[in-house]
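Coordinate analysis (summary)
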Amino acid sequence: KEGDQGDTSHFQALTTALSGTVGTGNIAGVALAIHLGGPAALFWMLVTAAVGMTTKFVEVTLSHKYREIASDGSVSGGPMYYMKNRLNMKWLAGIFAVATILSSFGTGSLPQINSISNSLFQTFGINHMLTGAVLAVLLGLVIIGGIKRIAKVTSTLVPLMAAIYFIGAMAVLFLLAAVVYRG
């Protein structure tokens, strides 16, 4: 509702959550799992997805319930806040917050950057280091801008990403159908 407390709209909150959940793992990870484990890998992906969705739902609900609202109206939340405010484990909240920061600038984005740089190198011959450097700068500019900038960027990119993903999936299915019905 208009006037509700928070730094982002509901749509921006949704796209921010989706941007951290949906990524290159959904493309490269599925292909690798099927390559290594065969079609049965899809079953286990569905099982882990059900567990993951349940975990994500609980995490987001608790993060929202135990968030903190500062005197200036800005909102802070996340797993570290319910660890601190509900579980009374400030030490664990501190460790989680530090790990989140390290993950954001380190291992959290490395698989995506690796997939992107490998694709650009294989397709256009663009150096891995150049791609990594450009993406690191762009990632830094978005993250350092805080939740408002992250929400603004994701509310633009996530719908575009979903459209490209859907169009790509449909193109693959139609091309496969054309090959199967021809042969």
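Parameters at a glance
Residues numbered from 1 in each chain as written. Predicted model: local features only at pLDDT ≥ 70, side-chain atom pairs only at ≥ 80, totals over all residues. Heavy atoms only, no water. Helix = DSSP H or I, 4+ residues; strand = E, 2+ residues; numbered from the N terminus. Buried < 20%, exposed > 50% of the residue type's maximum accessible area, 1.4 Å probe, protein only. Contact = heavy atoms within 4.5 Å. Areas by Shrake-Rupley, 256 points an atom, 1.4 Å probe, with all protein chains shown as cover. Lys, Arg positive; Asp, Glu negative; His and termini not counted. Charge placed at Lys NZ, Arg CZ, Asp CG, Glu CD. Salt bridge = Lys/Arg side-chain N within 4 Å of Asp/Glu carboxyl O. Expected span 1.5 Å × (residues − 1). Axes fitted to C-alpha atoms, helices over the stretch in contact; angles between N-to-C directions. Parallel < 35°, antiparallel > 145°, perpendicular 65-115°, else oblique. Nonpolar A, V, L, I, M, F, W, Y, C, P; charged D, E, K, R; others polar.

With that out of the way, let us pick up the overall build of the protein chain. If you tally the helices and strands in the protein chain, you get 8 helices and 2 strands. Beginning at the N terminus, the succession of helices and strands in the protein chain can be written as α-α-α-β-β-α-α-α-α-α. In terms of principal-axis extent, the alpha carbons of the protein chain reach across some 65 × 40 × 35 Å. Counting over 183 residues, the protein chain shows a buried share of 13%. In the protein chain, the share of contacts with a sequence separation of at least 24, taken over all contacts with a separation of at least 6, comes to 44%. Of the accessible surface of the protein chain, which amounts to about 13,300 Å², a share of 72% is contributed by carbon and sulfur atoms. If you average the places of the 11 positive and of the 6 negative side-chain charges in the protein chain, the two averages end up 7 Å apart.

At Asn 88, a residue that is not glycine, the phi angle is positive and equals roughly 55 degrees. Structurally, Asn 88 can be placed in the loop between helix H4 (79–85) and helix H5 (90–105). Judged by relative accessible area, Asn 88 falls into the exposed class, the value being 62%.

Turning our eyes to something else, we now look at the pattern of salt bridges. Per the counting criterion, the structure on display carries 1 salt bridge. One salt bridge connects Lys 84 with Glu 68, and the closest N-O pair in it is separated by 2.8 Å. Taken together, the residues Lys 84 in helix H4 and Glu 68 in strand S1 (residues 68–69) connect sequence positions 16 residues apart. Overall, the relative accessible area of 27% leaves Lys 84 in the partly exposed class. You can call Glu 68 partly exposed: its relative accessible area is 29%.

Moving on, we come to helix H6 (residues 110–124). If you check H6, its first and last C-alpha atoms are 20 Å apart, about what 15 residues at 1.5 Å a residue would give, namely 21 Å. Positive phi shows up at Gly 125, right after H6, with a value of about 75 degrees.

The next point concerns the packing of helix H2 (residues 28–37) against helix H3 (residues 41–65). Contact pair H2 / H3: the axes reach a minimum separation of 9 Å and the direction vectors enclose 135 degrees. The angle between H2 and H3 places the two elements in the oblique class. Counting all contacts with H2, which are made through Val 30, Ala 33, Ile 34 and Gly 37, the residues of H3 involved are Ala 41, Leu 42 and Met 45. Each residue belonging to the contact of H2 with H3 can be placed in one class, and the counts come to 6 nonpolar, 1 polar and no charged.

What is shown is where atoms sit, not what they do.
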